[in-house]
Structures are given as structure tokens and as C-alpha cells.
Amino acid sequence: MIECTIIGSGPAGYTAAIYAARANMKPTLIQGMQPGGQLTTTNDVENYPGYPTGITGPKMMEDFLKQAERFGTNVIFGTVTKVELSKKEGESHKIIVDNKNEIITKTVIISTGASAKYLGLPSESKFMGSGVSACAVCDGFFFKNQDVVVVGGGDSAAEEATYLSNLCNKVYLLVRKKEMRASKIMQKRVFETKNIEVLFNHETVEILGDNSVSGVKVKNNLSLDEKIIEATGFFLAIGHNPNTEIFKNQLDMDETGYLITKPDSTLTNLPGVFASGDAQDSVYRQAITAAGTGCMAALDAERYLANNS
Ligand code: NDP
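Keep in mind it's a predicted model, so treat the numbers as computed, not measured.

As for the overall build of the chain
At step 1: Along the backbone of the chain there are seven helices and 19 strands.
At step 2: Overall, the chain is about 65 × 40 × 35 Å in size when its C-alpha atoms are taken along their principal axes.
At step 3: The buried share of the chain, reckoned over its 309 residues, is 50%.
At step 4: In the chain, of all internal contacts separated by at least 6 residues, the share reaching a separation of at least 24 is 59%.

Re the sheet that holds strand β12 (residues 170-174)
At step 1: The strand order across the open sheet formed by five strands is β10-β17-β11-β12-β13, and the pairing between neighbours is parallel. The two strands at the open ends of the sheet, each matched to only one other strand, are β10 (132-133) and β13 (196-199).

A look at the side chain of T5
At step 1: Mapped onto the elements of the fold, T5 is located in strand β1 (residues 2-7).
At step 2: With residues up to four places along the chain from it excluded, the contact list for T5 reads T28, I30, I95, I103, T105, T107, V108 and I109.

Description of the site of the ligand
At step 1: By nearness alone, 15 residues border the ligand, and D155, S156, E159, R176 and R181 come closest of all.
At step 2: D155 places a polar side-chain atom, nitrogen or oxygen, 2.6 Å from an oxygen atom of the ligand.
At step 3: K177 is positioned with one of its side-chain polar atoms (N or O) 3.1 Å from an oxygen atom of the ligand.
At step 4: Taking 910 Å² as the accessible area of the ligand by itself, protein coverage stands at 67%.

Topic: the domain arrangement of the chain
At step 1: Examined at the domain level, the chain breaks down into domain 1 (2-115 + 240-307) and domain 2 (118-236).
At step 2: Just the C-alpha atoms count here: the centres of domain 1 and domain 2 sit 32 Å apart.
At step 3: Across the boundary between the two partners, domain 1 contributes nine residues, which contact nine residues of domain 2.
At step 4: The interface formed by domain 1 and domain 2 includes zero salt bridges.
At step 5: Applying the counting criterion to the domain 1 and domain 2 interface returns one residue pair in polar contact (both at pLDDT 80 or more).
At step 6: Within the side of domain 1 that touches domain 2, the residues separate by chemical class into no nonpolar, six polar and three charged.

Parameters and conventions
Residues numbered from 1 in each chain as written. Predicted model: local features only at pLDDT ≥ 70, side-chain atom pairs only at ≥ 80, totals over all residues. Heavy atoms only, no water. Helix = DSSP H or I, 4+ residues; strand = E, 2+ residues; numbered from the N terminus. Buried < 20%, exposed > 50% of the residue type's maximum accessible area, 1.4 Å probe, protein only. Contact = heavy atoms within 4.5 Å. Pairing = 2+ DSSP bridges. Near = heavy atom within 4 Å. Polar contact = N/O pair within 3.5 Å; in protein donor to acceptor, adjacent residues only side chain to side chain. Areas by Shrake-Rupley, 256 points an atom, 1.4 Å probe, with all protein chains shown as cover. Domains from an automatic or database assignment. Salt bridge = Lys/Arg side-chain N within 4 Å of Asp/Glu carboxyl O. Nonpolar A, V, L, I, M, F, W, Y, C, P; charged D, E, K, R; others polar.

This is the structure in C-alpha cells:
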């Protein structure tokens, strides 16, 4: 029987694997549909300590993988399609990979992450990593002193627009309704920032450019007038979906699907099941915080195994 199975291959999953492998738990890690996770769609990572000259997201995740394998993690390319989690302390859990392969495991570490929501425009995928981003904190720096567009009307959009206003020359905030959904205080901050222009009732028609973004065609959804905003960056802030669908009705989650962990730990409501990274974090969502909780999950699993051997 496997001692520890890790689901997901972002910074949380690989960090959990490094710690679990070094603790001799011989972990198996199932990579999921997007090996390396969200960072594989980011160009340069400059805010992860230890890389003084920065690193690309894909290269960083390659290093995480190598480090996890170096200590003996069994990395499987596949997607978990079903889980049968036990409710009883000390009992094993069943994980089904790609609808066919069964894994029986004493502990499970969930690091399935979250996926940013996108508009679904072809131009959006074309410019992913070269002007289109869903993380201002990760990529905003590359648009220093330039004009950018942010889409969304919630707290994330307000926060990202405010963050970018400190770096960029001008921030256009596209809100599809006649009002923002963000909290009053965040809205106030947006309205009081001189270089943020809020365009209510505006939607994105297309992102323009050759090799990188040079502008955004937008439409007023009341007058149907279209215009082009010159901008080099296009930031999505229309929400995230935690990848937790397969745990529904088994694990406690909030109304938006984020897994609930016990305070100051990675413990879920079921014994031997731990949650780390963005699947349980709607607030910080950074590679470094995900890695931190991945480490916590491995330590929590190790303690659980010691108490249930
Ligand atoms: P939300 O779901 O709250 O808001 C999403 C926003 O994006 C809405 O304004 C929505 O518009 C808009 N939107 C959705 N789809 C589209 C689309 N296809 N085209 C254009 N606009 C679209 O997500 P957030 O990420 O902002 O927030 C998630 C949670 O996290 C919230 O509970 C929030 O309070 C919290 N949060 C808190 C922060 C803080 O306190 N510092 C910071 C960030 C998030 P519409 O309103 O028309 O539906």
C-alpha cells in the first residue's frame, strides 16, 4: 500500500513530494491535466526567492519536478477522475486515475490548484504569456510605465487595477455592468486613483497585436459603440475556479468550492486527507505560499502516519 499520494503538480504538490520523499514516505504524485500547474502559463517568475535573476515558469516547474524525483517520488502522468475517501482514522483511501487505475493509499495530499477564468477569446490564448495574464502580482512588473487593461468588477479586479496603477502609466478597468461588485472600500480606492479609468458597461471584443499585445478592441454594451484602447497588457480578473469538483460531497468546501482546512494546518474534515495550495486558498494564491502549504501538508501527513502505523 502507498503511504502518501499527492494529487497535483504545482508548487504545492511538488513541495509536498520533496518533503514526503525525504521523510521516506515514498510518495506517488499524480500530475493532472496540466503538469506544472498554472505557472506553466507564466513567462518570467521574479518574485520566487532563490532565483535572483528570475526564471521562466515552465523551467521553475521542471526544477521542482527534478527535485521531487531526486528523492524518489514516483511521478505519474495522469488525471484523478474519482476518489473514495475514508471517514475512519487509520483506514485507507482509494484514488482512481484516468478512470481505470486504482491507487490505495494511507494519506492523500490534495494540491489540485485553481484555474483562472478566461473570456474564451481566441486572441486571449494567442497572447497568453506575451501580454495576456491572469495575475498582476506575477506579471505586472513587465508592464512598467505602460498602458494596460484589466477586466472584471470584483475585489480581484479592484485589487489588480490598484496594484497595476502603481507600476503602469495608465490602467483601463473594463466592467461589464453599470456598477462594480467589489467592496465599497476597494471601489473607493479605484475611483480615487488618478491613473485608473473605469469603463462601465464595456466588454472585450478582441485583443489586438502581432507578436504581442498592442491594443484591445472594446464595446459599450448599451450603445454598441466599439473603440480601440492602446495597451500592451491585458489582465483578467474575473475570478478563479478551485479544481475540487472530484471531492464534492466528501470534503468540506466553501460555497465557491475552496477546500476548508482546520486553522493553522492542512487538515481537512477527513482523517489522513490534507489540502494545500490554491485549492484551499482564495486569498494569497502565490507560488511561494502554495509551496509553504505543500510543505505543511507533508509534515501533517508524516505525523498522521506516525500516529496510525
Ligand atoms: P468575483 O466572482 O467576486 O468577481 C468576478 C468579476 O468578474 C465580477 O465583477 C464579474 O462581473 C466579472 N466577470 C465574470 N465573468 C466575466 C466576463 N466573462 N466578462 C467580464 N466580466 C466578467 O471574483 P473575484 O476574483 O473578484 O473575487 C473572488 C472572491 O475573493 C470574492 O469573495 C472576493 O471578495 C474575494 N477577494 C477578496 C480580496 C480582498 O479582500 N483583498 C481580493 C480578491 C478577492 P459581474 O459583476 O457582472 O458578474
